[in-house]
Amino acid sequence: MRVNLLLALACLLFLAGNVLARDTAPLQVNAPSSVAVGDPFTVSVRTDLSLKAVEIAWLGERVRLSLHRSNATREGKIILGTEVGEDKPGTRWIGIRPLDGKGLVHKRRVRVRGKDFPSQHLSLPEGSVTLSQSQLKRYRKDKRAIGAALSSRAGERSWSNSFLWPVNGEITSTYGLDRILNGQPRSPHRGIDVAVPSGTPVRAMESGKVALTGEFLFEGKAVFIDHGMGVISMYFHLSSISAEQGDRLKRGEVIGRSGVSGRTSGPHLHFGLSVLDRLVNPLPLLGDESARQSY
Ligand SMILES: [Zn+2]
């Protein structure tokens, strides 16, 4: 009898301890404490509570993160990032709020570190640098269409591993390059340029839905793919497009062929990645060089 009582007491204490532990840490958040400007990073949220989703707040943007059951816990992952030339170094906060209306907002501090990016001097004929009235009109229209595509927050995260290289080639312009065009400073390079001959098949870095295709003044023939939760990949200067807006694509599916359309000094693929409306460096999320497929 005494043994049973002791056992019951031990059980009660154990349960109380568990409740206490849960109350003090209902959400476990994993995020880096420091990141370089432009580098995307992953944040994971875990909980023992029966929460279906949380809301993540980052640099004025909000997005819903679904939590999926994994054994006795629920968990979810999201990619966040900053944009070179837009986001300044300093202390920033990630807000995590349970979506059932209960519980407090959790905050995680992230230090955004400055980074020195190399400069690139470019020379283009003056006529292609200064925009005419009609080009300016077209540029504004392009900007609106692209802005609408990049503002999508729809869908679920449908990937788990690193992304696929859209083409196999050497990187000729890295992310963050300070570009000086005909002696004038321009916005930094917000993507990577991969040198490939015109006509090279370009593949979707991950499964997703085609958010926008078209021919734009600077980007040339371009495809934008929405991978869910504010992650959109983009492929510029194509010679042809074989995907249509609304198409659902599988990872590695060909979306077009590389080329020299739009404003470019030679054949290459400009590959960009937008995360919650910020153009981040896609490189840290691509599989390592040895994982590149021989297309
Ligand atoms: Zn580029």
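Residues numbered from 1 in each chain as written. Predicted model: local features only at pLDDT ≥ 70, side-chain atom pairs only at ≥ 80, totals over all residues. Heavy atoms only, no water.

## Let's talk about the coordination of the zinc ion
Working reference: metal with six octahedral donors, ideal angles 90 or 180 degrees; metal with four tetrahedral donors, ideal angle 109.5 degrees.
Thought 1: Looking at the zinc ion, the protein donor atoms are His-189 (NE2), Asp-193 (OD) and His-270 (ND1), and they sit 2.0 to 2.1 Å from it.
Thought 2: The motif formed by the donor residues of the zinc ion, counted along the single chain, is H-x3-D-x76-H.
Thought 3: Overall, the relative accessible area of 8% leaves Asp-193 in the buried class. (Donors = N, O, S within 2.8 Å, 3.2 Å for Na, K, Ca; no water. Buried < 20%, exposed > 50% of the residue type's maximum accessible area, 1.4 Å probe, protein only.)

## Describing a positive patch on the surface
Thought 1: Side chains of Arg-138, Arg-140, Lys-141 and Arg-144 sit close together on the surface and give a patch of like positive charge.
Thought 2: Looking at the secondary structure, you find Arg-138 in helix H3 (residues 133-150). (Patch = residues over 30% accessible without salt bridge, like charges linked within 9 Å, V, L, I, M, F, W, Y side chains within 5 Å. Areas by Shrake-Rupley, 256 points an atom, 1.4 Å probe, with all protein chains shown as cover. Salt bridge = Lys/Arg side-chain N within 4 Å of Asp/Glu carboxyl O. Lys, Arg positive; Asp, Glu negative; His and termini not counted. Charge placed at Lys NZ, Arg CZ, Asp CG, Glu CD. Helix = DSSP H or I, 4+ residues; strand = E, 2+ residues; numbered from the N terminus.)

## What to know about the sheet that holds strand S10 (residues 119-122)
Thought 1: Read across the sheet, 3 strands follow the order S10-S12-S13 without closing on themselves; strand pairing throughout is mixed. If you trace the sheet from one side to the other, it starts and ends with S10 and strand S13 (184-185), each paired once. (Pairing = 2+ DSSP bridges.)

## Here we look at the sheet that holds strand S1 (residues 28-30)
Thought 1: What the 4 strands build is an open sheet, ordered S1-S3-S7-S6; its pairing is antiparallel. At either end of the open sheet lies a strand with only one pairing partner, and these are S1 and strand S6 (68-70). Neighbour to neighbour, the strand axes of the sheet diverge by 30° on average, direction disregarded.
Thought 2: Here strand S3 (residues 41-47) runs beside strand S7 (residues 73-80); their pairing, made up of 7 bridges, is antiparallel. Each residue of the ladder has a partner; that of Thr-47, found in S7, is Arg-74. (Axes fitted to C-alpha atoms, helices over the stretch in contact; angles between N-to-C directions.)

## Considerations on the environment of Asp-247
Thought 1: Within the secondary structure layout, Asp-247 lies in the loop between strand S18 (231-241) and strand S19 (248-249).
Thought 2: Contact partners of Asp-247, with chain neighbours within four places excluded, come to Gly-208, Lys-209 and Val-210.
Thought 3: Reaching out from Asp-247, the side chain makes a polar contact with the backbone nitrogen of Glu-244 at a distance of 2.8 Å. (Contact = heavy atoms within 4.5 Å. Polar contact = N/O pair within 3.5 Å; in protein donor to acceptor, adjacent residues only side chain to side chain.)

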